[in-house]
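Architecture and fold: a report
Chain residues, written in single-letter form:
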Amino acid sequence: MFCKSCGTKIEDGMLFCPECGTPAPQQMNSVQEEQVKVAEEPITQPLTQSDDEITVAPMQMAMPEQTVAPMQTTMPEQTVAPMQATMPEQTVAPMQTTMPEQTVAPMQMTAPVQTTTSSQNFGQTYNTQVQGAGGYNPYGQSIGQQQPIEYVRDKQGKGPVNKKKLFILGGVGIVAVALIILGIIFLPGIIRRNFSSPEDYLAYVIEKTSNEAIDNAANAYANAIDNADVFNTSVTFEAGFQFGDRLIDIAKKQTGMSNIPLIDKAFAIRGNYNAKNYMMSLTGALLIDSKEVLSANAIWDAKDEALYFSQPQLYDKSAKIKLNDLLEVLQHYGGYSYDYNYYYGDYYAIEMLKKAFVSEDTIDEFEETLKNYPDRSRLVPIMKKYSKIISSKIDKVEKSRENLKVSNVSATYTALSFEVDEELVQDMLEAVMKEMVDDEELKEIIIDYAEAIGEDGKKTYKEFKSELKESLDQIDNISKYNSFEFDITLWVDDSDDIRGYRVDLGKKGEFGFAMPKSGNSVGVEYYYQNKYTDIDLVGEGTESFGKLNADMTLYVDAKDYLMIKVSDYNVNDIKKGHINGTFDIRMTENLSDELSRTVFRYSSIGLDFEDYVLSLGFESSDSSFKVNVGLKDDDGEYFNGYLSCWREGGKDIVKPDDKSTERLIDRDDIQDFFDGVDQDDVEKYLKDIGFTDEEVETFMRGFDRGSALGASDMGDIVVDYDENWDF
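Residues numbered from 1 in each chain as written. Predicted model: local features only at pLDDT ≥ 70, side-chain atom pairs only at ≥ 80, totals over all residues. Heavy atoms only, no water.

Here we look at the nonpolar core
What counts, and what does not: For the purposes of this section, nonpolar cores are sets of buried Ala, Val, Leu, Ile, Met, Phe, Trp, Tyr and Cys residues that join through side-chain atoms within 4.5 Å. Any residue under 20% of the maximum accessible area for its type is buried, any over 50% is exposed, and the rest in between are partly exposed; the area is computed with a 1.4 Å probe on protein chains only. Secondary structure elements are defined from DSSP: runs of H or I of at least 4 residues count as helices, runs of E of at least 2 residues count as strands, and each element is numbered from the N terminus. The criterion used for residue contact is that any of the two residues' heavy atoms lie within 4.5 Å.
Among the nonpolar cores identified, the biggest contains 32 residues, and Met280, Val293, Trp300, Leu686 and Phe691 are the most heavily contacted of them. Elements with a contribution of two residues or more to this core: strand S7 (279-288), strand S8 (291-301), strand S10 (318-322), helix H6 (323-334), helix H15 (667-674), helix H16 (679-688) and helix H17 (693-703). Considering every element that reaches this core, the biggest residue donor is H6, with four residues. If we ignore the near neighbours within four places in the chain, the residues touching Leu686 are Val293, Phe691, Val696, Phe699 and Met700.

Regarding helix H12 (residues 457-473)
Stated precisely, the cut-off is as follows: A helix is expected to reach a length of 1.5 Å times the quantity of its residues less one. Summarising the geometry, the arc corresponds to the directions from the helix axis toward the C-beta atoms. A 3.5 Å cut-off defines polar contacts: any pair of N or O atoms within that distance qualifies, except that in protein one atom must be a possible hydrogen donor and the other a possible acceptor, and neighbouring residues in sequence count only when both atoms are side-chain atoms.
In this model, H12 (17 residues) spans 25 Å end to end at C-alpha, consistent with the 24 Å of a helix rising 1.5 Å per residue. For H12, every residue scored as buried is listed here: Gly457, Tyr461, Leu468 and Leu472. Considered in projection along H12, the buried side chains sweep an arc of 45° and stay on one side of the axis. Opposite the packed face of H12, turned more than 90 degrees from it, sit the exposed residues Lys462, Glu467, Glu470 and Asp473. Residues of H12 that are buried make contact with helix H10 (422-437) and helix H11 (440-452). One side-chain oxygen of the residue at the start of H12 lies 3.2 Å from the amide nitrogen of Lys458, identifying that residue as Asp456.

Considering the packing of aromatic side chains
Spelled out, the test is: For Phe, Tyr and Trp, rings pair up if their centres lie within 6.5 Å, where Trp contributes its six-membered ring, and each pair is then called stacked (planes under 30 degrees apart), edge-to-face (over 60) or tilted (otherwise). Criterion for a charge above a ring: Lys NZ or Arg CZ within 6 Å of the ring centre, and within 35 degrees of the ring normal.
Within the structure shown, the criterion is met by 17 aromatic pairs. Ring plane angle 75° and centroid distance 5.4 Å describe the contact between Phe241 and Phe243, whose orientation is recorded as edge-to-face. Where Tyr461 meets Phe464, the ring centres are 6.2 Å apart and the plane angle is 35°; that geometry is what we call tilted. Within this pair, Tyr461 and its partner Phe464 are both found in helix H12, separated by three residues, close to a single helical turn. With relative accessibility at 8%, the residue Tyr461 sits in the buried group. For Phe464, a relative accessible area of 25% corresponds to the partly exposed category. Taken together, the ring pairs in this structure connect Phe309, Tyr315, Phe673 and Phe674 into an aromatic cluster. Positioned above the aromatic ring of Tyr386, the side-chain terminus of Lys385 is 5.6 Å from the ring centre. Just above the ring of Tyr642 sits the side chain of Lys626; from NZ or CZ to the centre is 5.4 Å.

A word on unusual backbone geometry
If you check the backbone angles, Leu262 has positive phi at about 70° while not being a glycine. Structurally, Leu262 is set in the loop between helix H5 (245-255) and strand S6 (266-276). Of note, the phi angle at Ser290 is positive, near 65°, even though the residue is not glycine. Mapped onto the elements, Ser290 comes out in the loop between S7 and S8. Take Ser290: its relative accessible area is 69%, and that puts it in the exposed class.

Observations regarding the side chain of Glu525
Applied cut-off: We count Lys and Arg on the positive side and Asp and Glu on the negative side, and we leave His and both chain ends out. Here, a salt bridge means any side-chain nitrogen of Lys or Arg that lies within 4 Å of a carboxyl oxygen of Asp or Glu.
Its place among the elements puts Glu525 in strand S17 (residues 521-529). Despite its burial, Glu525 pairs with no opposite charge, the nearest such side chain being Arg502 at 9.6 Å. Excluding residues within four positions of it along the chain, Glu525 makes contact with Val406, Gly512, Phe513, Ala514, Asp536, Leu537 and Val538.

Side note on a negative patch on the surface
What counts is decided by this rule: A patch consists of residues exposed above 30% relative accessible area that lack any salt bridge, with like charges linked at up to 9 Å and nonpolar side chains (Val, Leu, Ile, Met, Phe, Trp, Tyr) linked at up to 5 Å. Accessible surface is estimated by sampling points in the Shrake-Rupley manner with a 1.4 Å probe; for residues, cover comes only from the protein chains shown. Where a charge sits is defined by one atom per residue type, namely NZ (Lys), CZ (Arg), CG (Asp) or CD (Glu).
A cluster of acidic side chains, namely Glu451, Glu455, Asp456, Glu463, Glu467, Glu470 and Asp473, defines a negative patch on the protein surface. Looking at the negative patch, the element that brings in the most residues is H12, giving four residues. Within the fold, Asp456 resides in the loop between H11 and H12. With relative accessibility at 45%, the residue Asp456 sits in the partly exposed group.

Digging into the confidence of the model for the protein chain
Inclusion rule: For every residue, the predictor states its confidence as a pLDDT score lying anywhere from 0 to 100.
Overall, the prediction assigns the protein chain a mean pLDDT of 75, with 68% of residues at 70 or greater. This stretch, residues 35-159, has a pLDDT under 50; its non-local contacts, to residues over four places away or in other chains, come to 182 contacts. Between residues 335-345, whose pLDDT stays under 50, and residues either more than four places distant or in other chains, the model counts 12 contacts.

Digging into the packing of helix H9 (residues 376-392) against H11
Our working rule: Comment: axis = line fitted to C-alpha atoms, over the contacting stretch for helices; angle = value between 0 and 180 degrees taken between N-to-C directions. Oblique is the label for any angle not covered by the other classes, which are roughly parallel (under 35 degrees), roughly antiparallel (over 145) and roughly perpendicular (65 to 115). Rotating anticlockwise by less than a right angle from the far helix to the near helix defines a left-handed crossing, while the corresponding clockwise rotation defines a right-handed one. In this classification, the charged set is Asp, Glu, Lys and Arg, the nonpolar set is Ala, Val, Leu, Ile, Met, Phe, Trp, Tyr, Cys and Pro, and all remaining amino acids, among them Gly, are polar.
For the pair H9 and H11, interaxial distance at closest approach is 10 Å and the crossing angle is 135°. By the criterion of interaxial angle, the relationship of H9 to H11 is oblique. For the crossing formed where H9 meets H11, the hand is left-handed. Where H9 approaches H11, its residues Arg378, Leu379, Ile382, Lys385 and Tyr386 are matched on the opposing element by Glu441, Leu442, Glu444, Ile445 and Asp448. Looking at the contact of H9 with H11 residue by residue, the class counts come to five nonpolar, no polar and five charged.

Focus: the side chain of Thr588
Note on placement: Thr588 falls in the loop between strand S21 (581-587) and helix H14 (589-597). Contacts of Thr588, omitting those with residues within four sequence positions, involve Asp560, Tyr561, Leu562, Met563 and Glu610.

What about the pattern of salt bridges?
Enumeration according to the criterion identifies 24 salt bridges in this entry. Between Lys575 and Glu212 there is a salt bridge whose closest N-O contact spans 3.4 Å. Of the two residues, Lys575 sits in the loop between strand S20 (559-570) and S21 while Glu212 sits in helix H4 (residues 198-227), which places them 363 residues apart along the sequence. Its relative accessible area of 44% is what places Lys575 among the partly exposed residues. By relative accessible area, which is 31% here, Glu212 ends up partly exposed. Members of the salt-bridge network, linked through shared partners, are Arg246, Asp633 and Asp635.

With respect to a nonpolar patch on the surface
Judged by side-chain polarity, Tyr501, Phe511, Tyr528 and Ile535 come together as a nonpolar surface patch covering roughly 310 Å² of accessible area. Along the chain, Ile535 turns up in strand S18 (residues 534-544).

Side note on the environment of Asn570
Inspection of the secondary structure puts Asn570 in strand S20. Given the relative accessible area of 14%, Asn570 is considered buried. Asn570 sits 23 residues away from Lys547 along the chain, and the two C-alpha atoms are 4.7 Å apart. Not counting residues up to four positions away in its chain, the partners in contact with Asn570 are Gly546, Lys547 and Asn580. There is a polar contact of 3.1 Å between the side chain of Asn570 and the backbone nitrogen of Asp573.

Regarding the pairing of S21
Heads up, the rule is: We call two strands paired when DSSP finds no fewer than two bridges between them.
Strand direction decides the pairing type here: S20 and S21, joined by six bridges, are antiparallel. Opposite Val566, over in S21, you have Phe583 as the bridge partner. Pairing between S21 and strand S22 (residues 613-620): six bridges, direction antiparallel. By the bridge assignment, Phe583 is partnered in S22 with Leu616.

So, in structure tokens, the structure goes:
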């Protein structure tokens, strides 16, 4: 058998538990065993419990400082056997035990006490009386809606574990940990705002804001280094537009034509620069309704010093010409000579052409230099150090709590006001320059970079330090020959973020920004004022998850000029130098009248500019940028267009094979190649991709001599040039 208190095994014949000392259960008759079996089933929670009662593990009779045999047929100092088969002339709450100085009866029930002659009759009578009332019986059977508490033993099997109690304790623990974490996060800010000096708090706010700006600038610097690797990158740009239904209707009415070829098509030009493994390619293509109509591709092989050219829609083969052959052809056509009286322009044009075709050595030198640019991890600590030095020099700061209001949105923030003059600027510069003189980290960066670009690192740093000391000697001239003074006020929220600022330039005017927030409501204002003009962009809306949606108005000298609807503008991305969001801009009557009176005063067409809406949508990241442009009015869309650019890593470039390549050596080869265009093939290609006969005819008219892709005339042009300059 096992101890009912701690679960330890008790050998036969033992009177007490060897682990906790609880008396061992005695031998029982069959009736008692049946009663014990039923009583050991899960017990439900009592219906009532006083405020002073304590939760006791059910069926556990052993309590601190007392010894109780949980299932004994007789109990010390007690003449009643609670589990007897018969209880003549007694009224007993079955399974009820009392503890010294405790009011808890873990097996107490709230139903009326019954007098029974057997455990079976007791259970039936009790169930009959309390069924549906909600409660429990002493045998763990659910009554009404009350559910039994679930008990399990712990891993050592030493006692019951209350899952509900563990859940409550766990929840309390999580809340406690959360409060500690919140205290760690917000308590320092509360202390800084309320107990630090105005100067120290301002220095902290400026340092926090500067560090964020420095991190963003460092990321931009790292991206610029990556983008600068022009010999291992792929950059694609695309620009396109399409006329809207509104403009198409106007064009048809003006021309009297019911069908204008190509006017309803979407046009785009796509270009790509790609470089990898000492090869570079430049591709351009004209797309109509996303179909590639004409394209051209040039490939430069720096190792082989050869140029490849192809136009798949015009020529069956690609052209290949070695650099030396190309220079000889150009020299012959241009009358190449060192007689600068006649050939000055030709000579330098050819020299520039030589430099345009980069060599293998040039690429190696560039890659080596780029690799030795200072890493952002070295620059960031230095920049943050100097930022901290600058902010620590600001003194005489006033701190107060002020209400910042824009439109109908207001919030109370901490206002920090201070003055900037020539003496403060001088102190800041002097402190920074003195630190730079003895800055070992800065010294290493300068030396490493100088050596990376082929200079003497130590000599370069020596010259830098000498100039720095010379500037320090002249630092007093700033306050001696310059006089200025302006006041700055910052509004800082409870997260130590700047929600607004004002720069008062005195008689020269002032400018500022404000963005108070109350709940999800936010006001936005940018303004600039001087004695000549007053510009104010102001509005309100909502900000949620970093996205701003607002209606704003641009005022110039108190007149409304533009109404701007901002949609899904990411206020956090702007700190990283990215613009993401949509802006719908509509002119007001004031601006429309002014444009009609000035710019379009001689136009016979009456223009109501307030009817038009210009839509600008921006999407940008570290590696891509796109802007969508559209113009519409209440009756429809006039046009929509886009300009996009995206960057990727360099991709492998495949040169044309020898079978599909024609080698060009001299002037005759070039002339024959470019004369090989058959316009019938072009027309057939256009029909194959879905153009109608009328559209093909319209397109080919623009393809003739003088068109952007009239490359078939190149041979004649070269011959004419040669004949005119045949020396």
